[in-house]
Amino acid sequence: MMNRQLYKYIKDVGSTSDNYTHGFYSFIWPNGVPCLSIEMYLMDKSKEVNTNKKDGGTLGSYAKNLTHLVRYCYLNKIDFIDFTHKNMDDFILMLTSETDIFNQRVRNNNTVRRIIQTSIGFLVWIQSHLAMHKNIAGVDNKTDRYQIKLVKSTHSHRSGITVEHSAFPSKLPKAITANKRPISSDNIKMLWNALDESRKNNRLSNKLKSIFSLKQQKEHIEYMYKRRELQLILLEATGLRPQELVSIECLENLKRLKDSQLCIPTLKGRVDSRENKRVIPIPRHLAMKIELFIFVHRERLIKRLLKAKIINDINEVSDIIYLNAENGSEVLPDAAYQEFRRLTVKAGIVQKNCQSMFRHRFITNMVKIHLMGFMDKNPLKNRQIITDNDYRTILKKVASFTGHKNLDSLMHYIDLAWDELDSFSYTYEVKELQEKLKAIFYLTHEIKSNIINQSTREISKSSKELLINKLNEIEDCASNI
């Protein structure tokens, strides 16, 4: 069904008006249902671009390019009007990752650019013709925020004419995209450093400035900083999916955190499966960090919103740990994605870097730890003679933390774990050591962040530099274990 031709060019189609068209494109979804919005778009574009009876001309290229968008939306159950920036990033990854039998990319970067350009043009058309109430794609300004963030770009023709247009900001890969790798320790440290810098540069909207006192403004900025900090901590420490991050319930976890546990909804591309949950053990220092966020920063946020009458009742607040700073509701996954993307840009990370790479790091480390435990209990076994059943026993334990239902989807982490292991003389003491060092990392980061934000009256410049240098050394030691 996913390989069927989605469009058909019907030649010599007349119309009730005096205008005559060479033809009309019939367009369907992969299940055979007519895709009316694409048909309407192509009919509208036929007034602007060349068409011919042979292959549809330029209009035929539009139809061909849009088949990729239609297949992606059908496969992921996404309506055109709900398409987000993250969806576009994933769509591009899909287009650049597909390979043929010779392991060569099916599409070069120029082809991918044309597909993206056509797709953006269609979504903008939807926005202006069928869904005028939605800001689907565009360049953000003071009054409008768009789901897909476009940027102003200039293009110079050989004739010397320069044209300005809106484009999607994406750097296409030069080589075939392999399986996503775990995030590196260096990139993690760069993200934390960027987070520290962002603390000084956070700003409130004019609306909130007019409502909040100076003290409340300071507390509100601190909440936004602590929320970003919590995002990095949870991504690294629990291996949760990005969508799960913004769906962790608050009341459910108040008692569990006292027992150093965290209840996480197991979501896999669905927002209606919240009854599917997993409870994982977490280090005590992490449980205390989450409790502090809930009882201090989250509580203060709710009180501010109530006092400012942004919300009228506490029942309007979502039962989620990770709250929207503007209205106390649940943060949308794409908003958290955009927040992480901005932090990545600020950190100066140029290679692929996304929230899910923390998950890959977590899973790889979990497989390593369980492999070491297995090797300690079975000293006569090695990489060459471990059976598939042995691996499945190991992966079943890992899946209880990660929420995987299919163990086959974890198999490629076995090779990653083997590649990273140098010896197998350590067992679960390694995990305990890692947790203690991670606690040191978080503590030194917090101390360093507080030092950076102290005024020069409170601490001398030379003392400040000395302390930060020493804390950087401790961070390096802790992050590289």
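Refer to the preceding data block for the structure.
The residue numbers shown here count from 1 along each chain, following its written sequence. For this predicted model, a pLDDT threshold of at least 70 governs which residues receive local features, and a threshold of 80 or more governs which side-chain atom pairs are given and counted, while totals over whole chains, interfaces and linings are taken from all residues. Neither water nor hydrogens contribute to the side-chain values; these are computed over all heavy atoms in the structure.

For salt bridges, the criterion is a side-chain nitrogen of Lys or Arg within 4 Å of an Asp or Glu carboxyl oxygen. Tallying each qualifying case throughout the model produces 19 salt bridges. A salt bridge links Asp-82 to Lys-134, with the nearest nitrogen and oxygen atoms 3.5 Å apart. One end of the pair, Asp-82, is in the loop between helix 2 (57–76) and helix 3 (85–97); the other, Lys-134, is in the loop between helix 4 (109–129) and strand 3 (137–138), with 52 residues separating them in the sequence. Residue classification places Asp-82 among the partly exposed residues on the basis of a relative accessible area of 39%. Between Glu-98 and Arg-107 there is a salt bridge, with the nearest N and O atoms lying 2.8 Å from each other. Via salt bridges that share partners, Lys-226, Glu-229 and Lys-289 belong to a single interconnected network. Numbered from the N terminus, helices here are DSSP runs of H or I no shorter than four residues, and strands are runs of E no shorter than two. For every residue, the accessible area obtained with a 1.4 Å probe (protein chains only) is divided by the maximum for its type, and the residue is called buried under 20%, exposed over 50%, and partly exposed between those limits.

What follows concerns the pairing of strand 2 (residues 23–27). Only one face of strand 2 is buried, namely the one carrying Gly-23, Tyr-25 and Phe-27, since none of Phe-24 and Ser-26 on the opposite face is buried. When DSSP locates at least two bridges between a pair of strands, those strands are taken to pair. For strand 1 (residues 7–11) and strand 2, the ladder comprises five bridges, and the chain directions are antiparallel. In the strand pairing of strand 2, Lys-8 is matched with Ser-26.

The subject of this paragraph is the packing of aromatic side chains. Here a Phe, Tyr or Trp ring, Trp counted by its six-membered ring, pairs with any other such ring whose centre lies within 6.5 Å, and the pair is stacked when the planes are under 30 degrees apart, edge-to-face when over 60, and tilted otherwise. Overall, the coordinates contain twelve aromatic pairs when judged by the stated rule. Each ring, one from Tyr-41 and one from Trp-125, has its centre 5.5 Å from the other, and the planes form 70°; the classification is edge-to-face. Taken together, the positions of Tyr-41 in helix 1 (residues 36–45) and Trp-125 in helix 4 put the pair 84 residues apart, joining distant regions of the chain. Overall, Tyr-41 belongs to the buried group, its relative accessible area being 4%. A centroid spacing of 5.3 Å and a plane angle of 50° characterise the contact between Tyr-72 and Phe-91, whose relative ring orientation is tilted. Here the residue Tyr-72 occupies a position in helix 2, and Phe-91 occupies one in helix 3, the gap between them amounting to 19 residues. For the residue pair Tyr-72 and Phe-91, the accessibility class agrees, reading buried in each case. A ring is considered to have a charge above it if a Lys NZ or an Arg CZ atom is located within 6 Å of its centre and within 35 degrees of its normal. Against the face of Tyr-337 rests Lys-86, its NZ or CZ located 5.9 Å from the ring centre. Note that Arg-199 overlies the ring of Tyr-225, its terminal NZ or CZ placed 4.2 Å from the centroid.

This part covers the nonpolar core. Leu-191, Leu-234, Leu-262, Ile-290, Val-367 and Leu-371 are the most contacted members of the largest nonpolar core, which has 77 residues in total. Note on contacts: a residue pair is in contact if any heavy atoms of the two residues lie within 4.5 Å. If sequence neighbours within four positions are ignored, Leu-262 has contacts with Leu-234, Thr-238, Ile-248, Asn-253, Leu-257, Arg-278, Val-279, Ile-280, Ile-282 and Ile-290. Residues enter a nonpolar core if they are buried and are Ala, Val, Leu, Ile, Met, Phe, Trp, Tyr or Cys, with the set joined through side-chain atoms within 4.5 Å. Counting 41 residues, the second largest nonpolar core, distinct from the first, contains Tyr-7, Cys-73, Phe-122 and Leu-123.

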